[in-house]
Amino acid sequence: MLALDRVSKTYPNGVQALARFSAEIRQGEILAIIGGSGCGKSTLLRAIAGLDRASSGTVTLDREAIASPHAKIGIIFQEPRLLPWLSVADNIGFGLADLPATERREKVARALERVGLADKAQAWPRELSGGQAQRVAIARALVPQPEVLLLDEPFSALDAFTRRDLQDHLLDLWADTRPTLILVTHDVDEAVVLADRVLVMRPWPGRLFDQIEINLGRPRDRNSPLFENFKRSVLTSLDRSLDRNVPDRDATQGPGQAMWW
Amino acid sequence: MISDAPVLQQTSEPGDSTIAPSRLSRYARPLLGVLLPLILALGWELVVWSGWSNGRLVPPPLRVFATIAELARSGELIRHIAATLWRVGLGFAFGVVAGTLLGAISGYWSLARRLLDPTVQALRAIPSLAWVPLFILWLGIFETSKIALIAVGVFFPVYLGVMGAILIVDRKIVEVGRTFRLSGPAMIRRILLPAVLPAYVVSLRVGLGLGWMFVVAAELIGASEGLGYLLLDGQQLGKPAQILAAIVIFAILGKLTDWLIEVAAAPFLRWQDAFGRAKEI
Ligand SMILES: Nc1ncnc2c1ncn2[C@@H]1O[C@H](COP(=O)(O)OP(=O)(O)OP(=O)(O)O)[C@@H](O)[C@H]1O
Ligand SMILES: [Mg+2]
């Protein structure tokens, strides 16, 4: 279990990005974090990843405090961040340097197969499309089999089609080993299609505002009325988190509003 | 002959015709660049040959080549080339080692950068040839002062190149290294070195170019052998063909050594190959 206990972060410039954020995330849970721009989502994720230290409070994974990057925690950023001098295969195997070469090669081959890029094994990252590159980044993060995978707006730079593809694909990959997923997103649709639970954050200073359990089976039908209902409650919560008053959403809600900033 | 025409047309598929121009241009483009000097050389050769000019001050190409051949036959040429190459090689090696070490230290540790960089930048502002009298006083007129001068010329571009390249390594990619918990040495080997390599190769090539520049300066100041000595000797004895011969050899050696660096680095820079090729087009 991943436990966040009153995690606060004040940057050296005085910005209080996070204030006493607490949450407990079950092993294997898919958690989406959503909230206004600048409400501290990335800060929170970086604290969990051990990339930045919290000013106070603790992050623990199975009671082990996380203060620096941990072998059981992987992260995927908004950009693929592939190493341009390594082939696709070597990028995927980047985190497996400690393994014997044959074992590494096997794992990489399997991962390549799994993300549908077996034919790109020897390609350079610059030869990939944005969606393919992000697939490689996902494979690279998953191949060491982390217990927790953090994703900071992983699909926001992709077009709508590719985004949907990768969302489905992520779920598919998740089902292999069922790591805990913590996904920061601006896309309500994405949150509801992926998550077991959606946390809504409130800015200045960043803190937990609300949480919504998504009690939907999988695979989820994006067009079902139930799905729409969950989307609506997330949107309503978001509006409240920013003190916006939109009492009657039903009349005005259009499909274009699903993307939320 | 006429009956061949339709056959020819048939064999040239549409696919071929699109490849043909690009293949042609790949070979034609470098050739195009050689055209102008070739025409000028040929023209001058003809002018002298036909007696319009005696070509005493500007000897025609054939006379220059004859001089080179003459020098080569007497064994002089090899001696001079060896002397110059030795100086450039040694100066380049010292300059590269010092520039790489100090550049890496300045790029990696900000404290070292604050301590070191202002001094290096101040020294860089001095035109390097101004060191010549001092070097001669300190190190004597012979090899040591020459090699020191060349090393100084090579040092600055390498230092700046290495430091600058380390400073602009993408923080985001370093973070990837951190998430995979790379140790310090592993971070250097697996992230910093490859990230810095393209800029490093450029700085080596710039440094080598300066090395060649400074070897000429060093040998003009006083040497009993070397290509620079050939230049000076040619001037003092009024042998323009010998001067031009030395210049031609400088050009060939400069280009050749630069090409060697390029070729040696190519396997490590394959990943960014297409960028270079795209720029060329
Ligand atoms: N390195 C930093 N130094 C100082 N302030 C920072 C730094 N990084 C973030 N902040 C501030 O902390 C707050 C939270 O930033 P954070 O990046 O966590 O927000 P976010 O929720 O991820 O926003 P977005 O949705 O736009 O990505 C913002 O007000 C931001 O200006
Ligand atoms: Mg963010």
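Here is what the cut-offs are and how they apply
- Residues numbered from 1 in each chain as written.
- Chains lettered and ligands numbered in written order.
- Predicted model: local features only at pLDDT ≥ 70, side-chain atom pairs only at ≥ 80, totals over all residues.
- Heavy atoms only, no water.
- Helix = DSSP H or I, 4+ residues; strand = E, 2+ residues; numbered from the N terminus.
- Rg over C-alpha atoms; globule rule 2.2 N^0.38 Å.
- Buried < 20%, exposed > 50% of the residue type's maximum accessible area, 1.4 Å probe, protein only.
- Pairing = 2+ DSSP bridges.
- Right-handed = clockwise from strand over helix to strand, strands pointing away.
- Expected span 1.5 Å × (residues − 1).
- Bend = angle between axes of the 7 residues up to and from the residue.
- Contact = heavy atoms within 4.5 Å.
- Buried area = accessible area lost by both parts, 1.4 Å probe.
- Salt bridge = Lys/Arg side-chain N within 4 Å of Asp/Glu carboxyl O.
- Polar contact = N/O pair within 3.5 Å; in protein donor to acceptor, adjacent residues only side chain to side chain.
- Phe/Tyr/Trp six-rings, centres within 6.5 Å; stacked < 30°, edge-to-face > 60°.
- Lys NZ or Arg CZ within 6 Å of the ring centre and 35° of its normal.
- Axes fitted to C-alpha atoms, helices over the stretch in contact; angles between N-to-C directions.
- Near = heavy atom within 4 Å.
- Areas by Shrake-Rupley, 256 points an atom, 1.4 Å probe, with all protein chains shown as cover.

A. A look at the overall build of chain A. A tally of helices and strands in chain A yields eight helices and ten strands. Over its C-alpha atoms chain A spans a radius of gyration of 19 Å, differing by no more than 12% from the 18 Å that the globule rule assigns to 261 residues. With respect to the principal axes defined by its C-alpha atoms, chain A has extents near 60 × 40 × 30 Å. Among the 261 residues that make up chain A, the fraction classed as buried is 55%.

B. View of the pairing of strand β8 (residues 180-184) of chain A. All names here are of chain A. Of all five residues in β8, five are buried; the element is thus mostly enclosed. In β8, alternate side chains face the same way, and those of Thr180, Ile182 and Val184 on one face and Leu181 and Leu183 on the other are all buried. By the bridge criterion, four bridges tie strand β3 (residues 30-35) to β8 in an arrangement that is parallel. Bridge assignment links Leu31 to a residue of β8, and that residue is Ile182. As a crossover connection, the stretch from strand β7 (residues 148-152) through helix α5 (residues 160-177) into β8 is right-handed.

C. Region of the structure containing helix α9 (residues 184-221) of chain B. In a regular helix each residue adds 1.5 Å, so 38 residues correspond to 56 Å; α9(B) covers only 47 Å between its end C-alpha atoms and thus falls short of that length. Along α9(B), the largest kink reaches about 45 degrees and is centred on Leu197(B); proline Pro198(B) follows within four residues of it.

D. Representation of unusual backbone geometry within the structure. Residues and elements named next belong to chain A. Going from Trp204 to Pro205, the amide bond is cis rather than trans, its omega being -10 degrees. Here Pro205 lies in the loop between β9 (197-202) and β10 (207-213). Omega for the peptide link from Arg218 to Pro219 comes to -5 degrees, which places this bond in the cis form. Its place among the elements puts Pro219 in the loop between β10 and α7 (225-241).

E. Molecular detail of the interface of chain B and chain A. The interface of chain B with chain A comprises 19 residues on the first partner and 21 residues on the second. Across the chain B/chain A interface, buried area totals approximately 2000 Å², and carbon plus sulfur atoms make up 67% of it. Counting the surface chain B buries against chain A, the share from its top three residues, Phe180(B), Arg190(B) and Trp271(B), is 33%. The interface formed by chain B and chain A holds three salt bridges in total. Salt-bridge contacts for Glu175(B) lead to Arg46(A); the nearest nitrogen and oxygen are separated by 2.8 Å. Scanning the region where chain B abuts chain A turns up eight residue pairs in polar contact (both at pLDDT 80 or more). Those elements giving two or more residues to the side of chain B that touches chain A turn out to be α8 (171-179), α9 and α12 (273-280) of chain B.

F. Region of the structure containing helix α4 (residues 130-142) of chain A. Look at α4(A): 18 Å from first C-alpha to last across 13 residues, which is about the 18 Å you get at 1.5 Å a residue. By the criterion of burial, α4(A) is predominantly enclosed, with eleven of the 13 residues buried. Three or more residues of α4(A) are buried, namely Gly131(A), Ala133(A), Gln134(A), Arg135(A), Val136(A), Ala137(A), Ile138(A), Ala139(A), Arg140(A), Ala141(A) and Leu142(A). Looking at the packing, one finds that the buried side of α4(A) touches β6 (73-76), α2 (88-92), α3 (101-114), β7 and α5 of chain A together with α8 of chain B.

G. Examining the packing of aromatic side chains more closely. Evaluated as defined, the whole model comprises seven aromatic pairs over all chains. Look at Trp85(A) and Trp271(B): their rings are 5.9 Å apart centre to centre, the planes differ by 70 degrees, and that puts the pair in the edge-to-face class. Remark: Trp271(B) occurs in the loop between α11 (240-265) and α12 and Trp85(A) occurs in the loop between β6 and α2; the pair is interchain, linking two chains. Comparing Trp85(A) with Trp271(B), the two get one shared label, buried. With a centroid separation of 5.1 Å and an interplanar angle of 80 degrees, the aromatic rings of Phe155(B) and Phe156(B) are classed as edge-to-face. Neither residue differs from the other here; Phe155(B) and Phe156(B) are each classed as buried. Directly above the ring of Phe77(A) sits Arg81(A), whose terminal nitrogen or CZ lies 3.6 Å from the centroid.

H. Inspection of the pattern of salt bridges at higher detail. Counted according to the given criterion, the structure contains 27 salt bridges over all chains. Salt-bridge contacts for Glu175(B) lead to Arg171(B); the nearest nitrogen and oxygen are separated by 3.5 Å. A residue pair is termed a helical-turn pair when its members lie 3 or 4 positions apart in one helix, as Glu175(B) and Arg171(B) do in helix α8 at four residues. Among the residues examined, Arg171(B) registers a relative accessible area of 53% and is labelled exposed. Here the salt bridges share partners, and the residues they tie into one network are Arg46(A), Asp52(A), Glu79(A), Arg81(A), Arg171(B), Lys172(B) and Glu175(B).

I. Region of interest: the sheet that holds β7(A). All names here are of chain A. Pairing is mixed across the open sheet formed by six strands, whose spatial order is β6-β7-β8-β3-β9-β10. Both edges of this open sheet fall to β6 and β10, since each of them pairs with a single strand only. Within this sheet the neighbouring strands show an average axis-to-axis angle of 20 degrees, counted without direction. Bridge count for β6 against β7 is four bridges, and the pairing is parallel. The residue of β7 that forms the bridge with Ile76 is Leu151. On top of the sheet, helix α1 (residues 41-49) reaches β3, β6, β7, β8 and β9; it is set at about 155 degrees to β7, its chief contact. In the packing of α4 onto the sheet, contacts are made with β6 and β7, and the angle to β6 comes to roughly 175 degrees.

J. Representation of the site of ligand 1. All names here are of chain A. Not every one of the 13 residues close to ligand 1 is listed here, only the nearest: Ser37, Gly38, Lys41, Ser42 and Thr43. Ser42 is positioned with one of its side-chain polar atoms (N or O) 2.7 Å from an oxygen atom of ligand 1. With respect to ligand 1, the side chain of Thr43 contributes an N or O atom lying 2.5 Å from an oxygen atom. Contact with the protein chains hides 64% of the accessible area of ligand 1, taken as 630 Å² for the molecule alone.

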